Amino acid sequence: MNEWFFYWLLPCLYAFLACAGFCFIFNVHGPGILLCSLGGALGWLIYLLAEFLSPNIMLRFLLAATAITVYSEIMARVRHCPVTSYLIIALLPLVPGSGIYDAMRFCVAGDTQQFLSALLRTFGIAGCLAVGALLGSSLMRVVFSLSRRTNK
Amino acid sequence: MDYNVLLNLGAELGCQLMESGAEIYRVEDSITRLMRAYGAENAQVFAIPNTLIVSVTPPDGHPITRLCRIPAHGIDLDHMELCNDLCRALCRETPTLEQAHDRLRQLLARRPRFSTAAILAGHGLVGAFFTPFFGGSLRDALFGGLCGLSIGLTTRFLNKLPGNNVFFRTLLSSALAAILALLFVRFGLAQHADAITIGSLMLLVPGVALTTAMREIVAGDIVSGMTHVTESILTATTIALGTGAALLAGQLL
């Protein structure tokens, strides 16, 4: 119970509330706030769940970014608004802010090896987010065009 | 139909879309559709992050073009949705050009915006909840919120200065937040300086530029995509420099 709460639920709740904060900054009103924040929480949940699949951080970020993109594309189709409105905010918890900070901390401490590895990890994560978003939107484009064809 | 009025309508709606932070392909696609819906089959729209060019050739064969320069802008997702909705509605219903202009003017007149206090509270909220997200305690969350608030205040204050730019703002506000976090820990108020710094830095991290960049590259707008990639790398470097300066100062404390 305890581990379940602290390891799974709480981080997702934090991600949810932080995304809600971003909604004020990027001027999102109404039900959009709830949907954007849910996207952020969902992304982090997928990231945590992906640990069962593989311990590789890059793969987990990739899966989470794909899931968020698919979620945003579906929400955009359902509510007839641009995909970006959901995607921008929901992806933010995954952006490697800690990587930038770690790299700088090692750099200041003069630890070149650690600095380079933190830097490469940051770039790797950013790349994974890019590829994940690409994968998700290409996937949804295929799915939607297929479903349109079968509906005709 | 007056092609000059149509051109103005397309260019103004396009400017609004660009200024609210829409991607390039959305702007180009929406405005092209709008022009086609009004019968300008040969309309050409070209956009890069700072510029929007709309051109049509009326039946008399004398081409007309309008170029808009887009100033540096933030992100306004609500405005983007409304402009997008308006563009779709205009394509579907094609009201007269006067009515279309009226609807655009109405849209601009009532732009719902959050108050300054709400936006600052948003900064505080982000800082407060990203701090425990990156491993801080609940007590750290309170001070993370304060650091987030300081970033919001610094950015707003620097925004008013003439000649400021996004990198200068990012540099100063990240350095200030990191120094505050170190001071809070120094005086025993908070426990984890790392978590507080990272949590409040998430406000400055170039997530939006990165997301936009990859969506644009996928859509084939390489020029705009590269511009945003450069922007995000520069922003990340500036954050690193700001925190680096603060960390160095912290070693001297």
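Numbering of residues starts from 1 in each chain and follows the order in which that chain's sequence is written. Labels are handed out in written order, letters beginning with A for the chains and numbers beginning with 1 for the ligands. With pLDDT at 70 or above as the cut-off, local features in this predicted model cover only qualifying residues; side-chain atom pairs require 80 or more to be listed or tallied, and sums for whole chains, interfaces and linings still use all residues. Remark: hydrogens and water are excluded; side-chain values derive from all non-hydrogen atoms of the structure.

(A) Looking closely at the overall build of chain A. Helical segments are the DSSP runs of H or I of at least four residues, strand segments are the runs of E of at least two, and each set is numbered from the N terminus. Helix and strand counts for chain A come out as six helices and zero strands. Starting at the N terminus and ending at the C terminus, chain A contains elements arranged as α-α-α-α-α-α. Each principal axis of the C-alpha atoms in chain A carries an extent, and together these give about 65 × 35 × 30 Å. A contact between two residues is defined here by any heavy atoms of the two lying within 4.5 Å. Looking at chain A alone, contacts between residues at least 24 apart form 64% of all its contacts between residues at least 6 apart. In the structure as shown, chain A presents an accessible area of about 7100 Å², 72% of it carried by carbon and sulfur atoms. Averaging the positions of the 9 positive and the 5 negative side-chain charges in chain A gives two centres separated by 21 Å. What sets the accessible areas is the Shrake-Rupley method with a 1.4 Å probe; for residues, cover comes only from the shown protein chains. Neither His nor the chain ends is counted toward charge; the positive residues are Lys and Arg and the negative residues Asp and Glu. By convention, charge coordinates are those of NZ in Lys, CZ in Arg, CG in Asp, or CD in Glu.

(B) Region of interest: helix H5 (residues 116-133) of chain B. One less than the number of residues in a helix, times 1.5 Å, gives the span that helix is expected to have. With 18 residues, H5 of chain B ought to run about 26 Å at 1.5 Å a step, and its terminal C-alpha atoms sit 26 Å apart, in line with that. One or two steps after H5 of chain B, the chain reaches Gly135 of chain B, where phi turns positive at roughly 100 degrees.

(C) Structural context of the domain arrangement of chain B. Residues and elements named next belong to chain B. Each domain of chain B was delimited in the assignment, giving domain 1 (3-109) and domain 2 (116-252). The start and end points of each domain follow an automatic or database-based domain assignment. Taking only C-alpha atoms into account, the centre of domain 1 sits 34 Å from that of domain 2. Across the boundary between the two partners, domain 1 contributes eight residues, which contact ten residues of domain 2. Looking only at domain 1, the three residues that lose the most surface to domain 2 are Glu23, Tyr25 and Pro49, adding up to 60% of its buried area. Salt bridges are defined by distance alone: a side-chain nitrogen of Lys or Arg within 4 Å of a carboxyl oxygen of Asp or Glu. Counting across the domain 1 and domain 2 interface gives one salt bridge. The partner of Glu23 in a salt bridge is Arg215, with the nearest N and O atoms 3.1 Å apart. Side-chain atoms alone can form a polar contact between residues adjacent in sequence; in general such a contact is a pair of N or O atoms within 3.5 Å, and within protein one must be able to donate a hydrogen while the other accepts it. At the boundary of domain 1 and domain 2, one finds four residue pairs in polar contact (both at pLDDT 80 or more). Sorting the residues of the side of domain 1 that touches domain 2 by element identifies helix H2 (24-37) and strand E1 (44-48) as the ones contributing at least two each. When residues in the side of domain 1 that touches domain 2 are grouped by element, the largest group, three residues, is from H2. All amino acids are sorted into three groups, where Ala, Val, Leu, Ile, Met, Phe, Trp, Tyr, Cys and Pro are nonpolar, Asp, Glu, Lys and Arg are charged, and the leftover types, Gly among them, are polar. Classifying every residue of the side of domain 1 that touches domain 2 by side-chain character gives six nonpolar, no polar and two charged. We define buried area as the total accessible area lost by two parts upon association, computed with a 1.4 Å probe and summed across both.

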